[in-house]
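# Survey of secondary and tertiary structure
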Amino acid sequence: MMQVPIFIIGNWKSNKTINEAVVWFQDFHALWKKYPFNYQKVRIILCPGYIHLSTLKSLIELAHLPLILSAQNISPYANGAYTGEVSAEMLKNLVEYSLIGHSERRKYFHESVGNLSLKADQAKVNGIEPIFCVQDEKMQIPKNCKIIGYEPVWAIGTGKPDSPENASRVAGIIKSKSKDIKTVIYGGSVNAENISQYIHMSNIDGVLPGGASLTAKAFFSLSHELHK
Ligand code: PGA
């Protein structure tokens, strides 16, 4: 039987210069060479800023590393006169996934339900899989979104994660909303110490760490933890 991989999705948010991103990659690569693991078991996705995507893609391909790139956001519009936006078509050969609707986007950039639905459509049309983030089980999810990130706002960056039991309960409710929803990821203060508690819960298919993705060592140890 084919093993269903656990998703580990690192979100760098607005962090890292080009040099810092390259150093992160070199550190990750060195760890990978020293402690290779079975990457059939995990799907390691990294969401760096747009400026890093092209460089990281080349480095990953060159080193044959099992890292998959994702955008942190995507324009609700197709190519055109939308200064400052990055369209799904611009991203389509760079990333397999895009986060959509992270709580920080909703809060600081006032992203509305309609707007998020357009973003999901743009991603889909261009072959990019949305990782649609919701902050609780009541939030609206656009049609055809298969991967959902459950990220309670109060757990993000606070060191106070949701309990694995409650996160699994919410993930179960989210899955019951649509047969399209196959995967629910938990995010909010996940680290190497607590990751196993989440991924062993029946409704949780992976984790979405922010802070714990910022150093290669912390991020690598998340995957490594699952192989002990
Ligand atoms: P955190 O962030 O792991 O730093 O809490 C999670 C997120 O916002 O995706």
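Below or above, wherever it landed, is the structure these notes cover. (Residues numbered from 1 in each chain as written. Predicted model: local features only at pLDDT ≥ 70, side-chain atom pairs only at ≥ 80, totals over all residues. Heavy atoms only, no water.)

Running from amino to carboxyl end, helix α1 (residues 18-34) crosses helix α8 (residues 216-225) at an angle of 40°, the nearest separation of the two axes being 9 Å. Judged by the angle between their axes, α1 and α8 are oblique. Seen along the crossing, α1 lies across α8 with a hand that is right-handed. Along the contact surface, α1 presents W24, D27, F28, L31 and W32, while α8 presents A216, K217, F219 and F220. Considered class by class, the residues forming the contact of α1 with α8 number seven nonpolar, no polar and two charged. (Axes fitted to C-alpha atoms, helices over the stretch in contact; angles between N-to-C directions. Helix = DSSP H or I, 4+ residues; strand = E, 2+ residues; numbered from the N terminus. Parallel < 35°, antiparallel > 145°, perpendicular 65-115°, else oblique. Left-handed = near helix turned anticlockwise from the far one by under 90°. Contact = heavy atoms within 4.5 Å. Nonpolar A, V, L, I, M, F, W, Y, C, P; charged D, E, K, R; others polar.)

In terms of burial, strand β5 (residues 129-134) is largely enclosed, as six of its six residues are buried. Taking every second residue as pointing to the same face, both faces of β5 are buried, with E129, I131 and C133 on one and P130, F132 and V134 on the other. Pairing analysis gives four bridges linking strand β4 (residues 97-100) to β5, with the strands arranged parallel. Paired with L99 across the strands is I131, a residue of β5. One ladder, built from four bridges, connects β5 with strand β6 (residues 147-150); its direction is parallel. Bridge pairing links I131 to I147 in β6. (Buried < 20%, exposed > 50% of the residue type's maximum accessible area, 1.4 Å probe, protein only. Pairing = 2+ DSSP bridges.)

As a further point, take the pairing of strand β7 (residues 183-186). Alternating residues of β7 divide into T183 and I185 and V184 and Y186, and every residue in both groups is buried. A crossover connection joins β6 to the parallel β7 through helix α6 (residues 164-177); in handedness this β-α-β unit is right-handed. (Right-handed = clockwise from strand over helix to strand, strands pointing away.)

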